Structures are given as C-alpha cells and as structure tokens.
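Secondary and tertiary structure notes
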Amino acid sequence: MVEAVHAAPAPQLEWETPLYRQARTQLEQALPRAGISDDVAERLRYPERAVILTLPVRMDDGRVRSFPGYRVQHSSVLGPTKGGVRYDEAVTLGECAALAMWMTWKCSLLRLPYGGAKGGVRCNPRELSQSELAHVTRRFTTDLAPFIGPSIDIPAPDIATNEQTMAWMMDTYSAQKGYAVPEIVTGKPVAIGGSVFRAEATGAGVVMVTERACERLGWRLQDLIFVVQGFGNVGGVAAAELHERGARVVAVGDVSGGVHAAGGLDVPTLAEWARVHGSLAGYPAERLSHEGLLEVPCDVLMLAAREDQVTAANAHALSCRLVVEGANGPTSIEGDAILAERGIPVLPDVLTNAGGVTVSYFEWVQDLSRLFWDRGEIRRRLAEKLGDAFDRVWALSETEGVSLRSAALISGIRDVAAALEARGIYP
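**Things to note about unusual backbone geometry**
With omega at 0°, the peptide bond leading from tyrosine 426 into proline 427 counts as cis. Considering the arrangement of structural elements, one finds proline 427 in the segment after helix H14 (404-423). Backbone geometry at alanine 160 places phi at a positive 65°, although glycine is not the residue there. Relative to the elements of secondary structure, alanine 160 occurs in the loop between strand E5 (153-157) and helix H5 (163-177). By relative accessible area, which is 45% here, alanine 160 ends up partly exposed. Phi is positive for arginine 370, which is not a glycine, with a value near 55°. Counting through the fold element by element, arginine 370 comes out in the loop between helix H12 (355-369) and helix H13 (375-400). Since its relative accessible area comes to 47%, arginine 370 is described here as partly exposed.

**A closer look at the nonpolar core**
The biggest cluster of nonpolar side chains holds 93 residues, and the ones touching the most others in it are Trp105, Phe226, Leu242, Val252 and Ile413. Per-element accounting of this core gives the leading share, 12 residues, to helix H3 (residues 93-109). In this view, phenylalanine 226 contacts Thr210, Leu221, Leu242, Ala247, Arg248, Val249, Val250, Ala251, Cys298, Val300 and Met302; residues no more than four positions away in its chain are not counted. Core analysis: the next-biggest nonpolar cluster, separate from the first, contains 25 residues, Met59, Leu133, Ile148 and Ile184 among them.

**Topic: the packing of aromatic side chains**
Tallied over the entire structure, the rule returns eight aromatic pairs. For the pair tryptophan 273 and tyrosine 283, a centre-to-centre distance of 5.6 Å together with 85° between the ring planes defines the contact as edge-to-face. Of this pair, tryptophan 273 sits in helix H8 (residues 267-277) while tyrosine 283 sits in the loop between H8 and strand E9 (286-288), and the two are 10 residues apart along the sequence. With 6.0 Å between their ring centres and 50° between their planes, tyrosine 361 and phenylalanine 362 make a pair best called tilted. For phenylalanine 362, a relative accessible area of 4% translates into the label buried.

**Concerning the packing of H3 against H14**
Working note: a packed helix pair is described by the angle between its axes plus the distance between those axes. Contact pair H3 / H14: the axes reach a minimum separation of 8 Å and the direction vectors enclose 85°. Taken together, the axes of H3 and H14 are roughly perpendicular relative to one another. In this structure, H3 contributes Thr104, Trp105, Ser108 and Leu109 to the contact, and H14 contributes Ala408, Leu409, Ser411, Gly412, Ile413, Asp415 and Val416. Along the lines of polarity and charge, the residues of the contact of H3 with H14 split into six nonpolar, four polar and one charged.

**Concerning the packing of helix H6 (residues 198-217) against H13**
Interhelical geometry of H6 versus H13 gives an angle of 45° and a closest axis separation of 10 Å. The angle between H6 and H13 falls in the class oblique. For the crossing formed where H6 meets H13, the hand is right-handed. Residues Glu200, Ala201, Ala204, Gly205, Met208, Val209, Arg212, Ala213, Arg216 and Leu217 of H6 form the contact with H13, whose own contacting residues are Arg375, Arg379, Leu382, Ala383, Leu386, Gly387, Phe390, Asp391 and Trp394.

**Let's talk about the environment of glycine 335**
Mapped onto the secondary structure, glycine 335 falls in helix H10 (residues 333-341). Classification of glycine 335 by relative accessible area gives buried; the value is 0%. Taking C-alpha positions, glycine 335 is 18 Å from proline 297, a pair spaced 38 residues apart along the chain. Other than its neighbours up to four places away in sequence, glycine 335 contacts Val310, Thr311, Ala312 and Ala315.

**As for the sheet that holds strand E7 (residues 248-254)**
A sheet is described by the order of its strands in space; here seven strands give the open sequence E9-E8-E7-E6-E10-E11-E12, paired in mixed fashion. Every other strand in the sheet has two partners, leaving E9 and strand E12 (346-347) as the edge strands with one partner each. With four bridges joining them, strand E6 (residues 225-229) and strand E10 (residues 300-303) adopt parallel strand pairing. Paired with valine 228 across the strands is methionine 302, a residue of E10.

**With respect to the pairing of strand E11 (residues 322-325)**
Side chains Leu322 and Val324 of E11 all project onto a buried face; the interleaved residues Val323 and Glu325 project onto the opposite face, where all are buried too. Sheet analysis places E11 next to E12, joined by two bridges and oriented parallel. When the sheet's bridge partners are listed, valine 323 is paired in E12 with valine 346.

**Regarding the side chain of threonine 172**
Along the polypeptide, threonine 172 turns up in helix H5. Beyond its immediate sequence surroundings of up to four residues, threonine 172 is in contact with Arg138, Thr141 and Thr142.

**Quick notes on helix H4 (residues 130-144)**
Because an α-helix packs 3.6 residues into every turn, residues spaced three or four apart end up facing the same way. Between its first and last C-alpha atoms H4 spans 21 Å; for 15 residues at 1.5 Å apiece the expected length is 21 Å, and the two agree. Residues Glu132, Leu133, Ala134, Val136, Thr137, Phe140, Thr141, Asp143 and Leu144 constitute the buried set of H4. Packing partners of the buried residues in H4 comprise strand E1 (49-58), strand E2 (64-73), strand E3 (81-88), strand E4 (115-122) and H5.

**Points about the pattern of salt bridges**
All chains considered together, the criterion is met by 36 salt bridges. Measuring nitrogen to oxygen at the nearest pair gives 3.1 Å for the salt bridge that ties aspartate 391 to arginine 216. With a gap of 175 residues between them, aspartate 391 in helix H13 and arginine 216 in helix H6 connect regions that are remote in the sequence. Aspartate 391 gets classed as partly exposed once you look at its relative accessible area, which sits at 25%.

Conventions and cut-offs
- Starting from 1, residues in each chain are numbered consecutively following that chain's sequence as written.
- Residues qualify for local features only when their pLDDT is at least 70, as the model is predicted, and side-chain atom pairs are given and counted only at 80 or more; totals for whole chains, interfaces and linings, by contrast, use all residues.
- As a rule here, side-chain values come from all non-hydrogen atoms in the structure, and water together with hydrogens is ignored.
- Only DSSP runs of H or I covering at least 4 residues are called helices, and only runs of E covering at least 2 are called strands; the numbering of each starts at the N terminus.
- Each residue's exposure class comes from its accessible area (1.4 Å probe, protein chains only) as a fraction of the maximum for that residue type: buried when under 20%, exposed when over 50%, partly exposed otherwise.
- The definition of a nonpolar core used throughout is a set of buried Ala, Val, Leu, Ile, Met, Phe, Trp, Tyr and Cys residues joined through side-chain atoms within 4.5 Å.
- Note on contacts: a residue pair is in contact if any heavy atoms of the two residues lie within 4.5 Å.
- In this scheme Phe, Tyr and Trp rings, the latter by its six-membered ring, pair at centre separations within 6.5 Å, and the angle between planes marks the pair as stacked below 30 degrees, edge-to-face above 60, and tilted otherwise.
- An axis is simply a line fitted to the C-alpha atoms; with a helix, the fit covers only the stretch in contact. Between two such axes, the angle follows the N-to-C directions and lies from 0 to 180 degrees.
- With respect to orientation, any angle under 35 degrees is reported as roughly parallel, any angle over 145 as roughly antiparallel, any angle of 65 to 115 as roughly perpendicular, and every other angle as oblique.
- Under the scheme applied, nonpolar residues are Ala, Val, Leu, Ile, Met, Phe, Trp, Tyr, Cys and Pro; charged residues are Asp, Glu, Lys and Arg; polar residues are all the others, including Gly.
- For any pair of crossing helices, the crossing counts as left-handed if the nearer helix is rotated counterclockwise from the farther one by less than a right angle, and right-handed if it is rotated clockwise.
- For two strands to be treated as a pair, DSSP must find at least two bridges joining them.
- One fewer than the residue count of a helix, multiplied by 1.5 Å, yields its expected span.
- Take a side-chain nitrogen of Lys or Arg and a carboxyl oxygen of Asp or Glu: if they are within 4 Å of each other, that pair is a salt bridge.

Shown next as structure tokens:
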C-alpha cells in the first residue's frame, strides 16, 4: 500500500490580515486598467521592508513591560518612505502593511517624492502616563533608528500620537546623531521646525476635496446636510470647516457614540466640550449609537474615524448621497460594491485625506531648506495640490468609466510603475 503524501500548504505571509487583503484586492482590481507589466505588478504587491520590534519599557512602578512595535515600508521607488505612527491595541504588521500600501498610492497621486510607510506600537495609550508614553516613544525611536532617516523614512503622527510624540522622536534621533535633525519627522511643534497648518491639514483637505466634488455634482456646500463620523484631528477639523462655510452638520460621533440635532449642531461648542471632557460623552443632545450615526439621513456622510466602518452588514442602511473617506480604509470591498450598486459615489481615502501627507511634505521641505512659509502660503499650496489631483481623478473616472476610487488607484499605480520601469529591479 502506498502511503499518501500531502503537499505542504503554501506559507502565509506574516502581514496577511483582512485589512492587508483589502488593500491587495483594491490593487488587483485596478491592475487590469493600469496597464503595467506583470513584473512591476508583482513588486508592488508586497512591502519592501517590514520591521518587528520588541520594546522593553520601564513603567512608573519600576517594572519592565514589553510592547510590540512595527514599521512597514512599502515602496521607495519615488523617494524616501513616509507615513504615520499609531499607538493602539489593534496595531498589527498587517494593518501597517495595508496602510503603507495605501500611502504609496496617495503620495504618487499627489505627486510627492515619497513612497508609503506606516508603523506603530501595540498598546493602550489611555492607560499610560505621560512619562510612560515618552519612554515608549524614545525606545521605539532608538530601536527603529537604523531604518529611518530624512532620506530613508520620515514618520508622522497618526492615531493617539501627536506633535509631542514627534518632538520626542525628533529629540531621540537627534541625540543619537549629535545635532538637531528636525527633518526626521513631520507633525512636530512649530518651535522645533514644525509647520503651521500641519495639525489642521488632513481635516481641512477633506473639506477642500469635498467642496470640489460638490461643485462637479452641481451642489452648493451651504445647502447640504452632513454627518461626520469621528471628531478627532480629522473629523473635528472637518466639521469645524464645514460649519464655518455654512454647511449644516446634524450629527457627529466619537468613541463615546454619536450626538444628533436635526436643525444642526453648534460645532464650536461641541469642540470645546470634547476638549474639556475628553470626548462627546455627556453632551446635552440626542444620543446615537455608533451604528445609528451612519444611518442618519444626510447628503454627505464623512467617515473620519477608523478602517472597516461601512461593510456588507450596513452599506444597505446608509441614507446619504455621497460618502467621503477622511479615514484610511473605512469602506470594505463588499461595502464599496454595495454603494456602487446603489449609485452612491465615494470620495476615496487616497485622494480625500491626502492633505496631511501633503503638508508633511511641505514641512520636510521647509526643514531641509530652513526657510518657512506662513499659513496662507501653505493653505494655498495645499489647495493647488489637492485640486490638481482631484481634477485628474475625476477626468480619468469619466474617460475610463470607472469609480473615483479606481481612478485614484490607477493614477497612483501608474506613476509608481513608470518610475519602477525606468529604474529597473536591481540586481
């Protein structure tokens, strides 16, 4: 009797997670129309480098605790990689790989001389003191130092990190070099080389792109009703910009849930409440669940929280005319397909939330030249960059007969592929 021999299962790559598969699926869907070679497509399917770190950190009580840290660099063909650092309990290698891939298309689409990266530390930042956060950050920077640099990989803030985090990173890296290196990170305080308007850039950019899309659709921003999921650095700024421009924001939400007022919310008062109390919890208005917030009837639903918010389970329940992605990956592949069937256009993340990395690029350029611009100059340059990218995406969508997401991905992929074709694969 011959013993049966079973083939070993194909090994699963370490970054294979649902979010990475979502990013890969979007790439595969765009490839047939991108018109690039199979060899180049194969190179773009996977990150160039993925680093896993274990960070021993001495806590306030004297004990040492280990935290997992990650940094993924997807593509350096256009220049140094660029991407945020997040502190969150859900940080994984796969999440970082997906976000790094999206950042590559984003930088290419905006014609920035960068590739995509993303990193983070798996922790609950709300449970850590300020000194513990500083220790985590400085250890992360120290261990990551061989893999980052102003011409290699430039970190920036992301979920639960901010300009203070970037200041610690910049100081730690500079201490190792023996001189100040402000261009090692972006999103840091203005006092140490940060750029004015950087903190507001992503949220303001979301509104710039939204307003341009509304003009193409024949809508006036002032006549529209908005729901904003997320009330942090992106959603909070976007809601404030919409309020200032006369739009009616009827519902917003954060980690505590949503608040709703059919006649429109007083966004400045909401923002002050969130600043004082740390969230929207307890705000005197009609309360909504996270699920209920997404179902509020509106013209524009702005997703500015986290990934994977609109899925096959809830895409049918949305009651809006346009979805705007202020967060990265908030719409699943299945959710995207349902929205397309329903005729609801989606302003994709790789275009819509690119204001942050664009002004990060401006900050990097200013640091390298030691010559700084004022707020008006930066806002003007940002509007020009986003406007140019939007117009190219809209035109490609119309000529190719594809969704705005597909058009944005095709455009970004083509430029990266052209650079890779010109440079070749060495050796």
